[in-house]
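These are the residues of each chain, in order.
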Amino acid sequence: MYGWIWRKLPLGLPGKLAGSLLLATATVALLWYVVFPWAEPLLPFDDVQVTQDSGEPGGEQPGVDGSAPAGDAHDLPYNTDQNNTPPPTPNR
């Protein structure tokens, strides 16, 4: 297909280069202004919801034991003490 387009473009090498650039620009513009805006509502990129286990959006995060909400957004809901031990050395 690209070979056929290249052969059909007129005016020698400069015309073929200018025609190729014009066709590529027209294709990008068609995609950018017509196809992508048409397809955007059909794609799930903006359909994001954060839910709790109950399925309700938003709300407070439960604490480690599930009874109290975490105080800081950076609190981890699991124990990281086990990660502080160095890995075992291989026996040789």
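Residues numbered from 1 in each chain as written. Predicted model: local features only at pLDDT ≥ 70, side-chain atom pairs only at ≥ 80, totals over all residues. Heavy atoms only, no water.

## Describing the overall build of the protein
A count of helical and extended segments in the protein gives two helices and zero strands. Burial analysis of the protein (92 residues in total) assigns 7% to the buried set. Partitioning the contacts of the protein with sequence separation of at least 6, the portion at a separation of at least 24 is 0%. Carbon and sulfur atoms provide 63% of the accessible area of the protein, an area that totals close to 8800 Å². (Helix = DSSP H or I, 4+ residues; strand = E, 2+ residues; numbered from the N terminus. Buried < 20%, exposed > 50% of the residue type's maximum accessible area, 1.4 Å probe, protein only. Contact = heavy atoms within 4.5 Å. Areas by Shrake-Rupley, 256 points an atom, 1.4 Å probe, with all protein chains shown as cover.)

## Re a nonpolar patch on the surface
A contiguous nonpolar surface patch, about 1400 Å² in accessible area, is contributed by V28, L30, L31, W32, Y33, V34, V35, F36, W38, L42, L43 and F45. Tracing the backbone shows F45 in the segment after α2 (12-39). (Patch = residues over 30% accessible without salt bridge, like charges linked within 9 Å, V, L, I, M, F, W, Y side chains within 5 Å. Salt bridge = Lys/Arg side-chain N within 4 Å of Asp/Glu carboxyl O.)

## Overview of α2
The terminal C-alpha atoms of α2 lie 38 Å apart, and with 28 residues this matches the ideal 40 Å at 1.5 Å per residue to within 8%. Maximum bend of α2: about 35°, positioned at L31. Taken as a whole, α2 has its buried residues at G15, K16, G19 and A39. (Expected span 1.5 Å × (residues − 1). Bend = angle between axes of the 7 residues up to and from the residue.)

Geometric descriptors of this kind do not, in isolation, establish any biological role.
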